[in-house]
Amino acid sequence: MRITQGTFSFLPDLTDKQIAAQVKYALDQGWAISVEYTDDPHPRNTYWEMFGNPMFDLRDPAGVLQEINECRKTFPNYYVRVMAFDSTHQVESIVLSFIVQRPKDEPGFRQVREEIDGRKMRYTTQGYAVVAKPEGARY
Amino acid sequence: MWPSPKARVTKSMTAATPTPTGETSDLALLYRESGIAEVLDQLDRELIGLLPVKSRIREIAALLLVDKARAAVGLSAGAPSLHMSFTGNPGTGKTTVALRMADILHRLGYTRSNHVVAVTRDDLVGQYIGHTAPKTKEMLKKAMGGVLFIDEAYYLHRPENERDYGQESIEILLQVMENQRDDLVVILAGYKDRMDTFFQSNPGMASRIAHHVEFPDYTPEELLQIAELMVRQMDYRFDAESLQAMREYIVLRIEQAHFANARSIRNALDRARLRQAARIFAEATQTPFVVPTKDQLTLLDERDIRASRVFRGGFIGNTSSQH
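Okay, so let's go over this structure. Here, residues in each chain are numbered from 1, in the same order as that chain's written sequence. Lettering of chains starts at A and numbering of ligands starts at 1, both following the order in which they are written. Given that this is a predicted model, residues contribute local features only at a pLDDT of at least 70 and side-chain atom pairs are listed and counted only at 80 or more, while totals for whole chains, interfaces and linings are drawn from all residues. Calculated side-chain values reflect all of the structure's heavy atoms, with hydrogen atoms and water omitted.

Some words on the overall build of chain A
In this text, helices come from DSSP runs of H or I with a minimum length of four residues, and strands from runs of E with a minimum of two, each type numbered from the N-terminal end. The secondary structure content of chain A amounts to three helices and six strands. Along chain A, from the amino end to the carboxyl end, the secondary structure elements read α-β-β-α-β-β-β-β-α. Overall size of chain A, expressed as C-alpha extent along the three principal axes, is 60 × 35 × 25 Å. By element, 50% of the accessible surface of chain A is carried by carbon and sulfur atoms, the whole surface being about 8,500 Å². Across chain A, the centroid of the 17 positively charged side chains sits 7 Å from that of the 19 negatively charged ones. Under the convention used here, a 1.4 Å probe and the Shrake-Rupley method define accessible areas, while residue burial counts only the protein chains that appear. Neither His nor the chain ends contribute to the count of charged residues, in which Lys and Arg are positive and Asp and Glu negative. The atom standing in for a charge is NZ when the residue is Lys, CZ when it is Arg, CG when it is Asp and CD when it is Glu.

As for the nonpolar core
Residue and element names in this part refer to chain B. Grouping buried Ala, Val, Leu, Ile, Met, Phe, Trp, Tyr and Cys residues that are joined through side-chain atoms within 4.5 Å yields what is termed a nonpolar core. For the exposure calls, accessible area comes from a 1.4 Å probe over protein chains only, and a residue counts as buried if that area is under 20% of its type's maximum, exposed if over 50%, partly exposed in between. Core analysis: the biggest nonpolar cluster contains 59 residues, and Phe-86, Leu-105, Ile-187, Met-246 and Leu-269 have the highest contact counts within it. Residue contacts follow a heavy-atom distance rule, with two residues in contact if any of their heavy atoms lie within 4.5 Å. Once residues lying within four places of it in the same chain are set aside, the contact partners of Phe-86 are Lys-94, Val-97, Ala-98, Ile-187, Leu-188, Ala-189, Gly-190, Val-213 and Phe-215. Core analysis: the next-biggest nonpolar cluster, separate from the first, contains 29 residues, Val-119, Leu-124, Met-139 and Leu-188 among them.

Looking at the interface of chain A and chain B
Taken together, the contact between chain A and chain B spans 11 residues of the former and 11 residues of the latter. Accessible area that two parts lose when put together, evaluated with a 1.4 Å probe and summed over both, is termed the buried area. Counting the surface lost from both chain A and chain B, the interface buries some 920 Å², and carbon and sulfur atoms represent 50% of this. Of all residues in chain A, the largest losses of buried area upon contact with chain B belong to Arg-59, Asp-60 and Gln-66 of chain A, amounting jointly to 52% of the total for that side. One side-chain nitrogen of Lys or Arg within 4 Å of one carboxyl oxygen of Asp or Glu is enough to make a salt bridge. Connecting chain A to chain B are three salt bridges. Here Glu-67 of chain A and Lys-141 of chain B are joined by a salt bridge, their closest N and O atoms 3.0 Å apart. Contacts described as polar in this section are N or O atom pairs within 3.5 Å, which, within protein, must combine one atom able to donate a hydrogen with one able to accept it, while residues neighboring in sequence count only if both atoms come from side chains. Here chain A is connected to chain B by two residue pairs in polar contact (both at pLDDT 80 or more).

A closer look at the sheet that holds strand 4 (residues 93–101) of chain A
Residue and element names in this part refer to chain A. Judged by pairing direction, the sheet is antiparallel, and its four strands sit side by side in the order 2-1-3-4 without closing on themselves. Lying at the two open borders of the sheet, with one neighbouring strand each, are strand 2 (49–55) and strand 4. Ignoring strand direction, the axes of neighbouring strands in this sheet form an average angle of 20°. Two strands qualify as a pair provided that DSSP identifies no fewer than 2 bridges between them. Pairing of strand 3 (residues 79–86) with strand 4 involves seven bridges; the strand directions are antiparallel. From the neighbouring strand, Ala-84 faces strand 4, where its bridge partner is Leu-96. Here helix 1 (residues 16–28) sits on the sheet in contact with strand 1 (32–38), strand 3 and strand 4, set at roughly 170° to strand 4. Axis definition: a line fitted to C-alpha atoms, limited for helices to the stretch in contact. Angles are taken between N-to-C directions and run from 0 to 180 degrees.

Digging into the environment of Ala-32 of chain A
Residue and element names in this part refer to chain A. Within the secondary structure, Ala-32 sits in strand 1. Residue Ala-32 is classed as buried on the basis of its relative accessible area, which comes to 8%. Taking the C-alpha atoms as reference, Ala-32 lies 46 Å from Glu-115; in sequence the two are 83 residues apart.

Re the packing of helix 4 (residues 51–72) of chain B against helix 5 (residues 94–107) of chain B
Residues and elements named next belong to chain B. Where helix 4 meets helix 5, the closest approach of the two axes is 11 Å, and the angle between their N-to-C directions is 15°. Of the possible angle classes, the one that applies to helix 4 and helix 5 is roughly parallel. Seen from above, helix 4 lies across helix 5 with right-handed handedness. Touching Val-53, Ile-57, Ile-60, Leu-64 and Lys-68 of helix 4 are Val-97, Met-101, Ile-104, Leu-105 and Arg-107, all from helix 5. Three categories are distinguished: nonpolar for Ala, Val, Leu, Ile, Met, Phe, Trp, Tyr, Cys and Pro, charged for Asp, Glu, Lys and Arg, and polar for the others, with Gly belonging to the last. The residue inventory of the contact of helix 4 with helix 5, partitioned by class, reads eight nonpolar, no polar and two charged. Geometric relationships in this document are graded by angle, where less than 35 degrees denotes roughly parallel, more than 145 denotes roughly antiparallel, 65 to 115 denotes roughly perpendicular, and other angles denote oblique. With the far helix as reference, a near helix turned anticlockwise by less than a right angle produces a left-handed crossing, and one turned clockwise produces a right-handed crossing.

Set out below in structure tokens:
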């Protein structure tokens, strides 16, 4: 199951050229770009690992693309996303986030049902890959 | 100077290259569209002297234009390596030319942006193990798309300390200069003799830099023109006497210590402005209710220049040794 998180996630995977164009847009807005990766793509897992420091004061997407490629090389079968941070007063948050790499095989999520207090049901979401194996060996 | 090689190239292009498709490329049109003429004119107007530098810039501009024309008719036009080294004494205009160069390369479409990131050793080399690579890479990322200007580049290499981290920085630089030629242009700058030693001990660096541009010292006549230009830009003016004083000042100043070409002239003018202000202020307080006229406010008087210590032998106990 292809996971859909962040912007453009219902589109086919972006090519490097398209990624560069999106990053260029973000840089032109004055946003700071960072690259993050994870092997736990649970929808509630907000904080992925940072790959290097966030990049401030860039003018050109080439530097970001270099960082993305380095991350892909280090974690070839992880989820990798690009985030853009807007530091404008009272915004001060991530304003754009999109996935730039995903594992070849995405087993997806299942719904876990738990019976509590008689007939009451409690639901939770669990990733197959996450439950099956420990961190670092999942994808 | 410029139109003649251009005309020649255009003629030979149209005459000698009937390509298979019969297309021709109008170099003159490309030249006009790129807006490069404006930058080159500005270069001529605002930079006095520096003939070898200007001619090299024209050559590079011509090469990039011709490459564009070649690409337009389907001939191969590999991106040329445009890393440069600027060598010359202090105050000969290396930084100024680097800024212009960024503009020219951008207008010719060689770089994607016209920004210059100026760095020195401190910005590239870290203080402990593992600190240098991220620092250098961060600077390189900032410069991507434009020009990375490394001032006093020879400080990167410290031969007396074999564990110096500068070498690590140089290696990263070399790698990026080779592999990401379309992404950024590196300009190294520094004094001639020290740059030569730097290149000797880093042959990899020397071979990756295609353009070694030497900035000659200015002649006294050129320095006087520079002074006049600076004065004009600051909305001041010389009269005949103060111009003569300035001419004498320059001749004396060149012989004295710490002479830094155009920078010395700028400093001299800044001090002359201080003296002028003090003089006008003193005159105005002696005769109250007399407002200084515009003429008085703009004139740098002979006295303002002749009051300089340069006319009294310069720095105390340090009257010799030109740089």
